Amino acid sequence: MPSTIESISFGGHELFLKRDDLIHSDFSGNKARKFHYFLVNDFPNIQKVISYGSNQSNAMYSLSLLAKMKGWEFDYFVDHISKYLQENPQGNFKAALENGMKIQDKNKIADIQVSDEILFIEEGGRQSESEYGISMLAEEIWEWQQEQNIETLNVFLPSGTGTTALFLQKNSLLLNKNTHFKTKIFTTPCVGDAGYLKKQFLELESDESLHPTIVESQKRFHFGKLYREYYKIWLELRHQTGVEFDLLYDPKGWLVLLDHTEIFMHPTLYLHQGGVLGNASMLPRYRRKFKDMNFENIL
Ligand SMILES: *Cc1c(COP(=O)(O)O)cnc(C)c1O
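Residues numbered from 1 in each chain as written. Predicted model: local features only at pLDDT ≥ 70, side-chain atom pairs only at ≥ 80, totals over all residues. Heavy atoms only, no water.

**So, the packing of aromatic side chains**
One pass over the structure, following the stated rule, counts 22 aromatic pairs. Aromatic rings pair up to connect Phe-10, Phe-156, Phe-245, Trp-254 and Tyr-270 into one cluster. (Phe/Tyr/Trp six-rings, centres within 6.5 Å; stacked < 30°, edge-to-face > 60°.)

Structural data, given as structure tokens:
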């Protein structure tokens, strides 16, 4: 760190791309930012980290790495693992198992005894400690913005829990204070709708003046589902920019950004939040579902 910022052009727009996907070959993306606090501080009592969520989540994989680096055990609680995935582990799930993750039944999460040897991490890292690493991200963007002398910078990123977007907007506003620079964060919900995302913001920060601006698509997309327009824009991005984006969040992010051309009224920076390892399980599904689509016939 700091991660690099590149110029790209896509869909007829010139914009900047912050490559948090390249922070480190293992520990990257916004999960590296969120878990930075745990990586750089000492926790002499902790023996085990516990978390929960989906069986392909990027947070799960990043936590497996954190636990490995720290010499902690890692118990991850999930609702259900299909027989197929158990027998054919892939993507984030496979990589996390290889790092020593133990899968536990979500129903048993209530039985855990609170102890100072256990570090509990909320789903997707939605917790206050995440602000530590995300405030460093805000500072990197801020320093670059000043170097470039960009008075108003619009930053776009797709949201899950909204933790990254919220802490980024809050910390950017703190940095903007008493200057003539403005850093404005735009985001779109990929899990749930705008109402859900707003609720997530409010749980982390009650002062709405510190919240990012939410923009939406006309069509309703469901998280984790496969859409032809997602695959198309993902292929186009890889072709036109040479960059691989993730298949869960970025396709909706780019569709919404291109739909809201008012954002491009000011220099615009897209935040690449990593997650590319998860494509190992998503891409075969896309290829099977949309057999007719590939680089040759869409471009
Ligand atoms: C986790 C993740 C997100 C969502 O981040 P939130 O802070 O939960 O909004 C977006 N993109 C990628 C690639 C992720 O791994």
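Back to the text.
**So, the site of the ligand**
Every one of the 16 residues lining the ligand counts as a neighbour, but Lys-31, Asn-58, Gly-160, Thr-161 and Thr-164 are closest to it. Between Lys-34 and the ligand, the recorded distance is 2.8 Å, taken from a side-chain N or O atom to an oxygen atom. Within the residue set of the shell around the ligand, elements represented by two or more residues are α1 (29-34), β7 (152-159) and α7 (163-176). In terms of residue count, α1 provides more of the shell around the ligand than any other element does, 3 residues in total. Split into classes, the residues belonging to the shell around the ligand amount to 2 nonpolar, 11 polar and 3 charged. (Near = heavy atom within 4 Å. Polar contact = N/O pair within 3.5 Å; in protein donor to acceptor, adjacent residues only side chain to side chain. Helix = DSSP H or I, 4+ residues; strand = E, 2+ residues; numbered from the N terminus. Nonpolar A, V, L, I, M, F, W, Y, C, P; charged D, E, K, R; others polar.)

**A look at the nonpolar core**
Of all hydrophobic cores here, the largest spans 30 residues; its most connected members are Phe-156, Tyr-231, Phe-245, Trp-254, Leu-257, Tyr-270 and Tyr-286. Looking at this core, the elements that each hand over two or more residues are β1 (5-10), β2 (13-19), α9 (228-241), α10 (250-259) and α11 (279-289). Broken down by element, this core gets its largest block of residues, 6 residues, from α9. Other than its neighbours up to four places away in sequence, Tyr-286 contacts Lys-225, Leu-226, Tyr-227, Tyr-230, Tyr-231 and Leu-247. In terms of nonpolar packing, the next biggest core, distinct from the first, is built from 26 residues, Phe-35, Ile-46, Leu-66 and Tyr-76 among them. (Core = buried A, V, L, I, M, F, W, Y, C linked by side-chain atoms within 4.5 Å. Buried < 20%, exposed > 50% of the residue type's maximum accessible area, 1.4 Å probe, protein only. Contact = heavy atoms within 4.5 Å.)

**Topic: the pairing of strand β10 (residues 268-272)**
Here β10 lies mainly inside the structure; 5 of its 5 residues are buried. Here 4 bridges tie β2 to β10, and the two strands are oriented parallel to one another. When the sheet's bridge partners are listed, Leu-17 is paired in β10 with Tyr-270. (Pairing = 2+ DSSP bridges.)

**Side note on the sheet that holds strand β6 (residues 118-120)**
Adjacent strands of a sheet form backbone hydrogen bonds with each other and so pair up, either parallel or antiparallel. The sheet built from 4 strands is open, its strands ordered β5-β4-β3-β6 with parallel pairing. The open sheet is flanked by β5 (102-105) and β6, the only strands paired with a single partner. In this sheet, adjacent strand axes meet at a mean angle of 25° when their direction is disregarded. Taken strand by strand, helix α3 (residues 58-70) contacts β3 (48-52) and β4 (73-78), and its axis lies near 160° from that of β4. (Axes fitted to C-alpha atoms, helices over the stretch in contact; angles between N-to-C directions.)

**Section: the side chain of Asp-21**
Residue position: Asp-21 is located in the loop between β2 and α1. Exposure remark for Asp-21: the relative accessible area of 13% places this residue in the buried category. In terms of polar contacts, Asp-21 uses its side chain to reach the side chain of Arg-19, at 2.9 Å.

**Regarding the packing of helix α6 (residues 130-147) against α7**
Packing of α6 against α7 brings their axes to within 8 Å, and their N-to-C directions diverge by 55°. The angle between α6 and α7 places the two elements in the oblique class. Seen from above, α6 lies across α7 with right-handed handedness. Residues Ser-130, Glu-131, Ile-134, Ser-135, Leu-137, Ala-138, Glu-139, Ile-141 and Trp-142 of α6 touch α7, and the partners they reach there are Thr-163, Thr-164, Phe-167, Leu-168, Lys-170, Asn-171, Ser-172, Leu-175 and Asn-176. Of the residues belonging to the contact of α6 with α7, the class tally is 8 nonpolar, 7 polar and 3 charged. (Parallel < 35°, antiparallel > 145°, perpendicular 65-115°, else oblique. Left-handed = near helix turned anticlockwise from the far one by under 90°.)

**So, the sheet that holds β1**
Read from one edge of the open sheet, 6 strands run β1-β2-β10-β7-β8-β9, paired in mixed fashion. Whereas interior strands pair on both sides, the edge strands pair on one side only; in this sheet they are β1 and β9 (213-214). Helix α8 (residues 194-204) contacts β7, β8 (182-189) and β9 of the sheet and is inclined by roughly 130° relative to β8.

**Structural notes on α11**
Every buried residue of α11 is listed here: Asn-279, Ser-281, Met-282, Leu-283 and Tyr-286. The inward-facing, buried residues of α11 contact α5 (91-98) and α9.

**Considerations on a positive patch on the surface**
On the surface, a cluster of positive charge is contributed by Lys-225, Arg-285, Arg-288, Lys-289 and Lys-291. Turning to its location among the elements, Arg-288 is positioned in helix α11. Note on Arg-288: relative accessible area 55%, which makes it exposed. (Patch = residues over 30% accessible without salt bridge, like charges linked within 9 Å, V, L, I, M, F, W, Y side chains within 5 Å. Areas by Shrake-Rupley, 256 points an atom, 1.4 Å probe, with all protein chains shown as cover. Salt bridge = Lys/Arg side-chain N within 4 Å of Asp/Glu carboxyl O. Lys, Arg positive; Asp, Glu negative; His and termini not counted. Charge placed at Lys NZ, Arg CZ, Asp CG, Glu CD.)

**Structural notes on the packing of α9 against α10**
Angle between the axes and distance between the axes: these two values describe a pair of packed helices. For the pair α9 and α10, the least separation of the axes is 9 Å and the interaxial angle reads 85°. With respect to α10, the element α9 is oriented roughly perpendicular. Only Pro-251, Lys-252, Trp-254, Leu-255 and Leu-258 of α10 make contact with α9, whose side of the interface consists of Glu-229, Tyr-230, Ile-233 and Leu-237.

**Remarks on the domain arrangement of the chain**
How big an interface is tends to be stated in terms of accessible area lost as the parts join. Domain boundaries assigned for the chain yield domain 1 (5-28 + 128-298) and domain 2 (36-120). The distance between the C-alpha centroids of domain 1 and domain 2 comes to 26 Å. Each partner contributes residues to the interface: domain 1 has 12 residues there, and domain 2 has 16 residues. For domain 1, the biggest contributors to the area lost against domain 2 are Phe-27, Tyr-132 and Leu-277; these three give 43% of the whole. Taken together, domain 1 and domain 2 are joined by 0 salt bridges. (Domains from an automatic or database assignment. Buried area = accessible area lost by both parts, 1.4 Å probe.)

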